[in-house]
Amino acid sequence: MRRRLLPWRLLVVLGLIALSVLVVFPVRGRIRLGLDLRGGSHILLECVDTPEAPVDEDAVRRVVEIIRNRIDQLGVAEPVIARQGERRVLVQLPGVTDPQRAVEIIGKTALLEFKDERGETVLTGAHLKNAQVQFDRLGRPVVAISFDSEGAKLFAQATTANVGKPLGIYLDGKLISNPVVQEPILGGEAQITGRFTLEEAQNLAILLRAGALPVKVEVIENRSVEPTLGRDSVNAGLRAAVIGVILVLAFMVLYYGSFGLLADLALLCFILFFFAIFIGLRATLTLPGIAGFVLTVGMAVDANVLIFERIKEEYRSGKTWRASIDAGFQKAFRTILDANITTLIAAVLLFSLGSGPIKGFGVTLSLGILCSMFTGVWVSRVFVDLFADRLKMRV
Amino acid sequence: MEFIRATHINFMGVRKAAYVVSLVLMALSLGSVALRGLNYGVDFAGGTLLQFRFSREVATEEIRGVLGSMNLEKSIIQRFSPTEVVIRTPKLSQEDQKRILSLLKEKFGSAELVRVEDVGPAVGADLRRMGIVALLAAIGGILVYVAFRFEFRPAVTSVLALAHDGLTVIGVVSLLQKEFTIPILAAVLTILGYSINDSIVVMDRIRENLVGRKKGEELEDIVNRSVSETLSRTINTSLTTALPVLALYFFGGKMLQDFALAILVGLVVGTYSSIFVVSALWVDWEKRSPRRR
């Protein structure tokens, strides 16, 4: 039965190989890399209560919206901004080269206030229409702001009432500029000159345009990797994977001879199928994920070891070559199943409970185990059956 | 090429010695965890880890000097590469992180922040809780599986050996004061899942051989025969798994080195325990209170 089906089984294997090659090649750009490999920032924010601004549902929703606005203005490709639980907001910024700037822009409340001499707030950033970086006559960066109609009215009143007196401009309670009002400003436009660097001015303009956060926000987790460091990790991981695969291939041939060669063929199929499925699932490869893959390369041939050792035993006990192969595959299967299920239990837990990069480890380990069961048992069997009469193994 | 022939080795004869070795391993591990403790990384402990890159080679003492001006001279400073340094401090504010960068820039001409791991206490606590849940769930899941799969006694001895393997990995991490991070926890979990495999192979073989027990054959002889028969597979499966992990340790970059080390330790101790401990414990149990078969 098995023998008669062999051409079909071979066809299935070849078909899968062809399909996988189509999915996997050209490799460049096909595999989604995690932030730890492509570089970027993973930032977790938490809204915290203050006496003036307790956190409520609406506030958190607005925080998400405002942060999205700010990030849009940073020009990050494919950012992730997602609410997590009641008060947390997850922000992922792939490819960001200056994580400190990103954190600064995302986490700032950015409440702009104008205060008169007595310290009373006469106007806030809530009435802003626009904010832009300009340069004054000396070439220094300043932030030009314009108010909406309500704001323009308030600003006109404030400047009229305070001619000859200072009007302090505060950001999050900190004085950033304290100009003296020369004459009433009625047009609803003004400049903030705060001895900024260009970047500071740009940041401020972004913050003012996107609006102030309604509640205080704290950065409770920040994991950022600079892109070149990520590339170093990719290269090191790739090198280890290639060397690891070569070591395993060599070991199997040296130890199991021509049978080892078939196991090697199955291992190469494993690697191909693994990445085809990985890409198909649109999974994300992280640094721990690379470690998980490297680990499964070693585990993948375990099935072959178990099968071949069993075949040897059966042959030694006086069975024919073919009968030994049949018995070897059959009897080793239970053990292989057991072995993989226990490892899978651990892998799936990492997958479901882990967060961030370690999830990638769970993903590659689980996928590797499942995929290797197929290649280690079913695909190897096709290869072994194909060459069974020509094979010899020292027993 | 053949390293291992199914010769008859008297594994059970050295089981007293194996018990001593295992007890010492466990005592050392427990002692180290109790006395030296685990060096929790920022994942679990919270805190700030910053990696800087310079345009020239930098000594850790120079960095310490700079940090001293911010009263952070007690931070952990490690060289990542000749031009890269990792510092680990209690949780720093954004302003302090910025200040360190500008101080380093001032002192060394150029400095670039290439990695930040900044974990607040609440997140650290979350991760700790999640880690413990994952660990317990993994142990629970494996226990349930083994209980279904095995008879009672082999299940118990396998799980004892498993605890021994996991404990030893954690013990080595503690002894070497490697950072206990999420990847290390992942390594421990993986070892728990993987290392029971060899025990399953051996105990299955014992069960098989018990059925065809020859007259007058001692329990020890059956076990010796079973362990010998499965020896090449026990060793080869571990070896094929160890090979790529070795590649990871030597070529996979600094970030994965400790993870690879933990897996390697787990593989070695797991192989040892499934050869010398699991079946030995079972033999002693059976001899002390034999069950009728």
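About the cut-offs
Residues numbered from 1 in each chain as written. Chains lettered and ligands numbered in written order. Predicted model: local features only at pLDDT ≥ 70, side-chain atom pairs only at ≥ 80, totals over all residues. Helix = DSSP H or I, 4+ residues; strand = E, 2+ residues; numbered from the N terminus. Rg over C-alpha atoms; globule rule 2.2 N^0.38 Å. Buried ≥ 20, exposed ≤ 12 C-beta atoms within 10 Å, placed from the backbone. Contact = placed C-beta atoms within 7 Å. Nonpolar A, V, L, I, M, F, W, Y, C, P; charged D, E, K, R; others polar. Pairing = 2+ DSSP bridges. Core = buried A, V, L, I, M, F, W, Y, C linked by C-beta atoms within 7 Å. pLDDT = per-residue confidence, 0-100. Expected span 1.5 Å × (residues − 1). Arc of directions from axis to C-beta. UniProt positions renumbered as here; feature names shortened; annotations may be inferred. Axes fitted to C-alpha atoms, helices over the stretch in contact; angles between N-to-C directions. Domains from an automatic or database assignment.

Draft legend 1. Fine view of the overall build of chain A. In terms of helices and strands, chain A carries eleven helices and 13 strands. Taken over C-alpha atoms, the radius of gyration comes to 32 Å for chain A, far larger than the 21 Å a tight globule of 395 residues would show. Overall size of chain A, expressed as C-alpha extent along the three principal axes, is 110 × 40 × 30 Å. By the burial criterion, 47% of the 395 residues in chain A qualify as buried. Long-range contacts, defined as pairs at least 24 residues apart, comprise 71% of the intrachain contacts of chain A with a sequence gap of at least 6.

Draft legend 2. Quick peek at the interface of chain B and chain A. The partner chain A presents 56 residues to the 56 residues of chain B that form the contact. Broken down by secondary-structure element, the contributors of at least two residues to the side of chain B that touches chain A are α4 (94–108), β5 (111–119), α5 (121–149), α7 (182–211), α8 (219–251) and α9 (257–276) of chain B. Residue composition of the side of chain B that touches chain A, grouped by class: 34 nonpolar, 14 polar and eight charged. Looking at chain direction, strand β12 (residues 216–225) of chain A and β5(B) are connected through five bridges and run antiparallel. Residue pairing in the sheet places N222(A) in a bridge with D118(B) of β5(B).

Draft legend 3. How the structure looks around the nonpolar core. Counting 206 residues, the largest nonpolar core has V294(A), L350(A), V188(B), L189(B), A262(B) and I263(B) as its most contacted members. Among the elements that make up this core, the one with the highest residue count is helix α7 (residues 227–280) of chain A (25 residues). Setting aside anything within four residues of it in sequence, one finds A262(B) in contact with V169(B), V173(B), I184(B), A187(B) and V188(B).

Draft legend 4. Focus on the environment of V245(B). By secondary structure assignment, the location of V245(B) is in helix α8. With 18 residues separating them in the primary sequence, V245(B) and I263(B) have C-alpha atoms 7.4 Å apart. For V245(B), the contacting residues outside a window of four places in its chain are V294(A), L295(A), G298(A), A260(B), I263(B) and L264(B).

Draft legend 5. Here's a closer look at the pairing of strand β4 (residues 84–89) of chain B. All names here are of chain B. The buried count for β4 comes to five of six residues, which makes it a mostly enclosed element. With six bridges connecting them, strand β2 (residues 47–54) and β4 associate as antiparallel partners. What sits directly across from T48, in β4, is T89. Bridge analysis of strand β3 (residues 76–81) against β4 gives five bridges, and the strand direction is antiparallel. The partner of I76 across the bridge, within β4, is R88.

Draft legend 6. Up close: the confidence of the model for chain A. In the predicted model, chain A carries a mean pLDDT of 89, and the fraction of residues at 70 or more is 97%. Of all secondary-structure elements in chain A, the lowest mean pLDDT belongs to helix α4 (residues 99–107) of chain A, at 83, while α7(A) reaches the highest, 94.

Draft legend 7. The arrangement of helix α5 (residues 149–161) of chain A in detail. Residue and element names in this part refer to chain A. Over its 13 residues, α5 runs 18 Å from end to end, which matches the ideal 18 Å to within 8%, given 1.5 Å per residue. Every buried residue of α5 is listed here: G151, A152, F155, A158 and T159. Burial along α5 is one-sided: seen end-on, the buried residues are contained in an arc of 130°. In α5, the exposed residues that point more than 90 degrees away from the buried face are S149 and E150. Taken together, the buried residues of α5 touch β5 (112–115), β6 (121–124), β7 (128–135), β8 (141–147) and β11 (189–192).

Draft legend 8. Representation of the UniProt feature "domain: Protein translocase subunit SecDF P1" (unreviewed entry) in chain A. Sequence positions flagged by UniProt for "domain: Protein translocase subunit SecDF P1" (unreviewed entry) are, in local numbering, residues 61–117 of chain A. Counted over residues 61–117 of chain A, helix gives 40% and strand 28%. Its end C-alpha atoms are 35 Å apart.

Draft legend 9. Spatial organisation of the confidence of the model for chain B. Scored by pLDDT, chain B has a mean of 89; 97% of the residues are at 70 or more. The ipTM assigned to the predicted complex is 0.90, against a pTM of 0.88.

Draft legend 10. Local environment of the sheet that holds β5(A). Residues and elements named next belong to chain A. Taken in spatial order, the four strands line up as β6-β5-β9-β10 in an open sheet, and their pairing is antiparallel. Sheet topology places β6 and β10 (174–177) at the edges, where each strand pairs with a single neighbour. Going across the sheet, the axis of each strand differs from the next one's by a mean of 35°, ignoring polarity. Alignment of β5 against strand β9 (residues 168–171), held across four bridges, turns out to be antiparallel. Bridge pairing in β9 places K115 opposite G168. Running over the sheet, α5 touches β5 and β6 and is turned about 150° from β6.

Draft legend 11. Region of interest: the domain arrangement of chain A. All names here are of chain A. For chain A, the assigned domains are domain 1 (6–36 + 226–390) and domain 2 (40–224). Taking only C-alpha atoms, the centre of domain 1 and the centre of domain 2 are 53 Å apart. The interface of domain 1 with domain 2 comprises four residues on the first partner and eight residues on the second. Counted by class, the side of domain 1 that touches domain 2 contains two nonpolar, one polar and one charged residues.

Draft legend 12. Just the pairing of β8(A), in detail. Residues and elements named next belong to chain A. Counting buried positions along β8 gives five out of seven residues, so the element sits mostly inside the fold. Examined bridge by bridge, β7 and β8 share seven bridges and lie antiparallel to one another. Looking at the pairing, N130 lines up with S146 of β8. Hairpin geometry of β7 and β8 is characterised by an intervening segment of five residues between the two adjacent antiparallel strands and by a positive phi of about 80° at G139. The sheet contact formed by β8 and β11 spans four bridges and is antiparallel. Each bridged residue has a counterpart across the sheet, and for I145 the counterpart in β11 is A190.

Draft legend 13. A look at unusual backbone geometry. Cis geometry marks the peptide bond from F25(A) to P26(A), where omega comes out at -10°. Summarising the element assignment, P26(A) is placed in the loop between α1 (6–24) and β1 (32–33). Backbone geometry at R282(A) places phi at a positive 55°, although glycine is not the residue there. Position of R282(A) among the secondary structure elements: in the loop between α7 and β13 (284–285). Phi at N71(B) is positive, roughly 60°, even though this residue is not glycine. Along the chain, N71(B) falls in the loop between α3 (60–68) and β3.

Draft legend 14. The domain arrangement of chain B, seen in detail. When cut into domains, chain B gives domain 1 (12–41 + 123–288) and domain 2 (47–118). Using C-alpha coordinates to define each centre, domain 1 of chain B is positioned 39 Å away from domain 2 of chain B.

Draft legend 15. Region of the structure containing α9(B). The first and last C-alpha atoms of α9(B) sit 28 Å apart over 20 residues, in line with the 28 Å expected at 1.5 Å per residue. Among the 20 residues in α9(B), 18 count as buried, and that is most of the element.

Draft legend 16. Inspection of the sheet that holds β11(A) at higher detail. All names here are of chain A. The antiparallel open sheet is built from three strands, whose spatial order is β7-β8-β11. Of all strands in the sheet, those with a lone pairing partner are β7 and β11, marking the two edges. Across the sheet, the mean angle separating the axes of adjacent strands is 25° when strand polarity is ignored. The sheet strands contacting helix α6 (residues 198–210) are β7 and β8, and the helix crosses β7 at an angle near 170°.

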